[in-house]
Amino acid sequence: MTNERNAVELTKELLQFDTINPTGDETGCARHLGDLLADAGFRVDYHPYGERRTCVVASIGGKADKRPLGLTGHIDTVPLGASPWRKDPFAGETDAGRMYGRGSSDMKSGVAAFVVAALAFRDRLAGSPGLELVITGGEETGCEGAFHLARKQGALGRAGALLVAEPTSNYPLVGHKGAFWLEARTHGVTAHGSMPERGDNAVYKAARAVAALEHFDFGIAPHPLLGAPTLNVGTFHGGLNINSVPDEARIGIDIRTVPGQDHNALHERLRERLGPDVELQTRLDVGGVHTDTRDDWVREVFDVMTPILGEAPQARSVSYFTDAAALRPAYGMPPTVILGPGEPQMAHQTDEYCVAERIREAVGAYEEIIRRWCEV
Ligand SMILES: [Zn+2]
């Protein structure tokens, strides 16, 4: 099919936009996709949420008795990193079936693949349940674009199922953990280091807090697919100079929660455990996602992927979070699958690449998933 080649070409076009978050510009890339979809008859709306930051929502078709299929992906990328690249990160150079570039796997190839698959049905979706394409920015810094859409009245339409085209090497995944990042602060009174009895040492308080966190009991049973929540103290800062009593200390806490875990209740439990000396501030709050593999649509997706993978998919999850954390609740918790052509181990790496053949496979898979949902 001619569309298949186009997805590889469209990936290359998208790679030429520097959408590094936060220094790059998402607008040109968003317009490029929005124009393509608008020209094909999609209803296209832009949702800027900051300077150089924007999301695109495009829809087509629609039917009263069945909601549209939602397809989503982000166009922002992480920075290039400190190591030099051997390939131009913004050229989309191809070498031995691999296309190089920042965002090639995570996840411009995924966006290109579902846009091309959607375009292939442009003339057949009127009167069908239709599609809603949600192309976001700001994902890499905590799903900012997706949360903006979820909060903004009328920005999102409806979706009866949600496909997230994040890199999975085309293996359909049914869940991911949530992330709850907190900064804990302790306060004290400074004094000369030779007279500590005159001060109140904030580092001692922080040290007691860290010790309490090491064996923190979440008080919940492990999730059947995603296991137990985890907690890691990632940073510890306190004091300014060796000969003063420190009057402030800060601890960075990275908690990975399981789907269904209530972050407010967890915050309260942490507050109780740490006591009144410790002040807690939320830095990132992204929920987990899980859909039962007995769900009809998940079974359908597994069915579509079986011949492509050469085996029936098993229930698997992934460690990174996705925009589904923001979009899924906004759509009323539809079944959600994470499935994209990028290579997960290439995400955020130097000389990031994706495999052209997987992009073609993904287009075929998305077309079949769209065909079955929309019955066209
Ligand atoms: Zn991503």
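Predicted model, so just to flag it, every value in this text is computed and none were measured. Residue positions are given per chain, counted from 1 along the sequence in the order it is written. Predicted model: local features are reported for residues with pLDDT of at least 70 only, side-chain atom pairs are reported and counted for 80 or more only, and whole-chain, interface and lining totals are derived from all residues.

(A) Inspection of the overall build of the protein chain at higher detail. Segments assigned H or I by DSSP are reported as helices when at least four residues long, segments assigned E as strands when at least two residues long, and all are numbered from the N terminus. Of the regular secondary structure elements, the protein chain holds nine helices and 16 strands. Based on C-alpha atoms, the radius of gyration is set beside the globule rule, defined as 2.2 Å times the residue count to the power 0.38. The C-alpha atoms of the protein chain give a radius of gyration of 23 Å, which matches the 21 Å a tight globule of 376 residues would have. For the exposure call, what matters is how many other C-beta atoms sit within 10 Å of a residue's own: 20 or more marks it buried, 12 or fewer exposed, and in between partly exposed, using C-beta atoms placed from the backbone. Across the 376 residues in the protein chain, those meeting the buried criterion constitute 49%. Contact criterion: two residues are in contact if their C-beta atoms, reconstructed from the backbone, are within 7 Å. If you take every contact in the protein chain between residues at least 6 apart in sequence, the share linking residues at least 24 apart comes to 80%.

(B) Up close: the domain arrangement of the protein chain. Under the domain assignment, the protein chain is made up of domain 1 (2-176 + 288-374) and domain 2 (178-286). On the domain 2 side, the residues contacting the ten residues of domain 1 number ten residues. The residue classification treats Ala, Val, Leu, Ile, Met, Phe, Trp, Tyr, Cys and Pro as nonpolar and Asp, Glu, Lys and Arg as charged. All others, Gly included, are polar. For the side of domain 1 that touches domain 2, the class distribution of residues is five nonpolar, five polar and no charged. What marks off one domain from the next here is an automatic or database domain assignment.

(C) Representation of the pairing of strand β2 (residues 53-60) within the structure. Of all eight residues making up β2, eight are buried, and the element is well covered by its neighbours. Residue alternation in β2 divides its side chains into two sets, Arg 53, Cys 55, Val 57 and Ser 59 and Thr 54, Val 56, Ala 58 and Ile 60, and both sets are buried. Once strand β1 (residues 43-50) ends, the chain turns through two residues before running back antiparallel as β2, passing Arg 52 with a positive phi of about 70°. By the convention used here, strands pair only if DSSP detects at least 2 bridges between them.

(D) Just the sheet that holds strand β4 (residues 94-95), in detail. Reading across from one edge, β4-β5-β16 is the order of the three strands in this open sheet, with antiparallel pairing throughout. Strand pairing shows two members of the sheet lacking a second neighbour, β4 and β16 (353-355), which therefore form its edges. Note: β4 against strand β5 (residues 98-100), two bridges, orientation antiparallel. In the sheet register, Thr 94 faces β5, and the bridge partner there is Met 99.

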